[in-house]
Amino acid sequence: MLTKLASQIDNELLQKLAFYRQIFPIDADSREYLLKLCRYEFNKKMGLLAQEEIKSPPDFLLNYNCIIFVSLSLKGHSLSCIAESGNNLVEACVASTRRILALVNHEVIKKHKSEVYFEVTLLFDKVKVEVSKFDQNFIRGLHAVSIEAADAHAIFRNAVVVNLNLTNEELIEKLIRKAQLTSDCISNSAVSFYLYKTIEFREDTLSPESPLALFDFFRCSKVLLQSEITQKKLKTAIFMAQQCLQRLINADGEMAYEIDLFNAEKQYTNTRSATIRKLGALWALLDSAKKNKYLIDSFLIKQAKAKLYQQLDEKDIGLLSFVIFVESFFEESKLLDIFSSKLANILLNIDFRNVALKQWFDYIVGFYALMVCFEKRGDPRFISIAEQVFPFCEKLLLEDNEAVLYLCAWLSRYAFSLYKYTNKDLYADFVVQLNTKIVNFQIIESPDVLLTSSGAFDMDSHSRVTAVYIESLAQGFHAASALQKWQQAEQFAITIFKALRPLCSNQLSEDICFYTEHLGAFKDSLVTSITRIDTIQHALSSMSDSLDILQLNLI
């Protein structure tokens, strides 16, 4: 079943890609020629080869023209990016490359010549856009933007908003300053804003193994086909994510919190939320290792535990819960007994009738932690306390509040655990109802320019959102199967399968990763170079939860 579905999705993706390229039909040979042309000019300027004639260009490059940006980059950092004009794409590419080479530091380039690469961005289909409708029309990472007045002009290629992590408002402000205009120019009818569609490709991603060069849509995001989501692919992705999380732990146990694709340095912070997310990463490591029989570095885990437990507030439900998750993997843990008792006593004395929605995260996590404690210690008090809050969860679901969906993974884990240990169908039914709502959030039919979002749950393909929904859907699959609701179980499995494609597209593999330390991480979204430790954690957990469900050995 999944093999046939994968073939159908692949056909849809490739048809959309072909349609998109009909708008500006530059084929693989033409892209490769432009990159070779850039490299030829580079080698000639650096004196790295004898001057030899380059082959004749494809006709397309001589007959088409558009704005063409050429960028020279080192390890993800753009050394220079320039757009020059010409009578055709060949002339514009040569002019841009030569101007770049006249500006950059030749000594630096020669020293790192094996690590520099060229990137080409083509801007076409120019469309005027009103500032008031900019947010509705501007697609981050895809659109370039320009401002034009009688005596001023400025343009930003599509990567600027991503690489600088700008809001749309900040992008417009910088564009106005670049054009040397004042901020009040927005209300001037003589000043116009334009959007351009883009195709972008670079030397280290266009290869014989990837003739379609499915990197055209978003920066540093490989577009996977559905048929590539196999058991082997997921196991490799899981292993890479595990290795990445372990590399984020240094020798004394301190865990990095955030990394940037374009920066080798890791960011550290010890806020409450950061500590919870680091504990979650340890839990994901231990859980995925147990499920998939992978080895992890026990010394690193021990060091990280010791460092994180120093920040434990024993009255904090969230922190207590995540410590319990971690401790549940260690037999005869005295801390598990101590903290489970503390958590039970805290939760037992809460009046849930007046709890604000924003407080529910800690409480639902806490009740799932009690279920984990019951599994390990068998204390019936934990079940009794966890059952008391269930009517309030039902009320949350009935209110149809979209914010509740962000609790879905924890709600599903908690409720399905109650079903497993009480055998009461109402708990499993709750999980099925919740995940039936989630299915409706999945993006299936999307415009061709957003084909990378197909299967995700938002247009920017946020990894955390997609991963959290997959985690919940996995519980939904088990609940539906337990109730013999086979149609829903199949629906959840198919939704998971489709969602894994955009999720895995966000993982940093060798062909799109500039720093080995970051290999295996998951970008927060298609249009950012930043990732947090919990993004990797949720991606790892969701993939681990998916392996058995999808029976990917059939693909």
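Residues numbered from 1 in each chain as written. Predicted model: local features only at pLDDT ≥ 70, side-chain atom pairs only at ≥ 80, totals over all residues. Heavy atoms only, no water.

Looking only at helices and strands, the protein chain features 21 helices and nine strands. Taking 555 residues into account, the globule formula puts the C-alpha radius of gyration at 24 Å, and the protein chain, at 26 Å, falls close to it. Taken along its principal axes, the extent of the C-alpha atoms in the protein chain is 80 × 55 × 45 Å. Within the span of the protein chain, comprising 555 residues, buried residues form 58% of the whole. In the protein chain, 73% of the contacts between residues at least 6 apart in sequence involve partners at least 24 apart. Carbon together with sulfur atoms contributes 50% to the accessible area of the protein chain, which is approximately 24,000 Å² in total. The positive charge centre, built from 60 side chains, and the negative charge centre, built from 67, are 3 Å apart in the protein chain. (Helix = DSSP H or I, 4+ residues; strand = E, 2+ residues; numbered from the N terminus. Rg over C-alpha atoms; globule rule 2.2 N^0.38 Å. Buried < 20%, exposed > 50% of the residue type's maximum accessible area, 1.4 Å probe, protein only. Contact = heavy atoms within 4.5 Å. Areas by Shrake-Rupley, 256 points an atom, 1.4 Å probe, with all protein chains shown as cover. Lys, Arg positive; Asp, Glu negative; His and termini not counted. Charge placed at Lys NZ, Arg CZ, Asp CG, Glu CD.)

Glancing now at the pairing of strand E8 (residues 263–267). Where strand E7 (residues 258–260) and E8 come together, three bridges link them in antiparallel fashion. Bridged to Ile259 within E8 is Lys266. (Pairing = 2+ DSSP bridges.)

This brings us to the packing of helix H20 (residues 486–505) against helix H21 (residues 533–550). Where H20 contacts H21, the axes come no closer than 11 Å and their chain directions differ by 140°. Taken together, the axis directions place H20 and H21 in an arrangement best described as oblique. Along this stretch, H20 crosses H21, giving a crossing that reads as left-handed. Residues Ala493, Ile496, Phe497, Leu500, Leu503 and Cys504 of H20 form the contact with H21, whose participating residues are Ala539, Ser542, Met543, Ser546, Ile549 and Leu550. (Axes fitted to C-alpha atoms, helices over the stretch in contact; angles between N-to-C directions. Parallel < 35°, antiparallel > 145°, perpendicular 65-115°, else oblique. Left-handed = near helix turned anticlockwise from the far one by under 90°.)

So, on to the environment of Asn105. Structurally, Asn105 can be placed in the loop between helix H4 (89–103) and helix H5 (106–111). Considered as a pair, Asn105 and Leu79 are 26 residues apart in the sequence and their alpha carbons are 9.0 Å apart. Polar contacts involving the side chain of Asn105 include one to the main-chain amide nitrogen of Val108, which spans 3.2 Å. (Polar contact = N/O pair within 3.5 Å; in protein donor to acceptor, adjacent residues only side chain to side chain.)

Mean pLDDT for the protein chain: 86, with 91% of residues reaching 70 or above. Taken as a whole, residues 206–219 scores under 50 in pLDDT and shows 55 contacts with residues more than four places along the chain or in a different chain. (pLDDT = per-residue confidence, 0-100.)

Here the focus is helix H13 (residues 334–348). Here H13 contains 15 residues, and its C-alpha end-to-end distance of 22 Å stays within 8% of the 21 Å for a straight helix at 1.5 Å per residue. Of all the residues in H13, the buried ones are Leu336, Phe339, Ser340, Leu343, Ala344 and Leu347. The arc enclosing the buried residues of H13, seen along the axis, measures out at 140°, which places them on a common side. Structurally, H13 contributes buried residues whose contacts are with helix H12 (317–327), helix H14 (360–377) and helix H15 (380–388). Structurally, the start of H13 carries an N-cap: the backbone nitrogen of Leu335 is 3.4 Å from a side-chain oxygen of Ser333. (Expected span 1.5 Å × (residues − 1). Arc of directions from axis to C-beta.)

Judged by nonpolar contacts, the single largest core of 130 residues is most densely connected at Phe325, Trp360, Phe367, Tyr414, Phe430, Leu500 and Met543. Considering each element in turn, this core owes the most residues, 12 residues, to H14. If we skip the residues at most four places from it in the chain, Phe325 touches Trp283, Val365, Tyr368, Ala369, Val372 and Trp410. Among the nonpolar cores identified, the runner-up in size contains 33 residues, and Phe42, Ile68, Val94 and Phe124 belong to it. (Core = buried A, V, L, I, M, F, W, Y, C linked by side-chain atoms within 4.5 Å.)

Further remarks concern the side chain of Asp260. Within the secondary structure, Asp260 sits in strand E7. No salt bridge is formed by the buried Asp260; its nearest oppositely charged neighbour, Lys523, is found at 9.2 Å. Ignoring any residue separated from it by four or fewer positions in sequence, one finds Asp260 in contact with His518, Ser529 and Ile530. (Salt bridge = Lys/Arg side-chain N within 4 Å of Asp/Glu carboxyl O.)

This brings us to the pattern of salt bridges. Counted by the stated rule, this structure contains 25 salt bridges. Between Glu471 and Arg413 there is a salt bridge; the shortest N-O distance is 2.7 Å. Placement of Glu471 in helix H19 (residues 463–482) and of Arg413 in helix H17 (residues 408–422) is noted, with a sequence separation of 58 residues between them. The pair formed by Glu471 and Arg413 is uniform in burial state, with each residue classed as buried. A cluster of three or more residues bridged by salt bridges with shared partners is formed by Arg277, Arg464, Asp524, Arg532 and Asp534.

All right, on to the sheet that holds strand E4 (residues 144–149) then. Spatially, E2-E1-E3-E6-E4-E5 is the arrangement adopted by the six strands of the open sheet, whose pairing is antiparallel. Edge positions in the sheet fall to strand E2 (77–83) and strand E5 (152–156), since each of these pairs with one other strand and no more. Within the sheet, the average angular offset between the axes of one strand and its neighbour, ignoring direction, is 25°. For strand E1 (residues 67–74) and E2, the ladder comprises six bridges, and the chain directions are antiparallel. From the neighbouring strand, Phe69 faces E2, where its bridge partner is Ala83. In this fold H4 packs onto E1, E2 and strand E3 (116–129), with an angle of close to 35° to the strand it touches most, E1. The strands that helix H8 (residues 168–178) touches are E4, E5 and strand E6 (192–202); relative to E5, the one it contacts most, it runs at about 140°.

It is worth spelling out the sheet that holds E8 at this point. The strand order E8-E7-E9 describes an open sheet built from three strands, whose pairing is antiparallel. If you trace the sheet from one side to the other, it starts and ends with E8 and strand E9 (530–532), each paired once. Strand-to-strand twist in this sheet, taken as the mean axis angle between neighbours without regard to direction, amounts to 15°. Here E7 pairs with E9 via three bridges, running antiparallel. Each residue of the ladder has a partner; that of Asp260, found in E9, is Ile530.

So, on to the packing of helix H18 (residues 425–439) against H19. Look at H18 against H19: their axes get within 8 Å of each other, and the N-to-C directions meet at 135°. On the basis of the axis angle, H18 is oblique to H19. The crossing of H18 and H19 is left-handed. For the pair formed by H18 and H19, the contact residues are Ala428, Val431, Val432, Leu434, Asn435, Ile438 and Val439 on the first element and Tyr469, Ser472, Leu473, Gln475, Gly476, Ala479 and Ala480 on the second. Taken together, the residues that form the contact of H18 with H19 break down as 10 nonpolar, four polar and no charged. (Nonpolar A, V, L, I, M, F, W, Y, C, P; charged D, E, K, R; others polar.)

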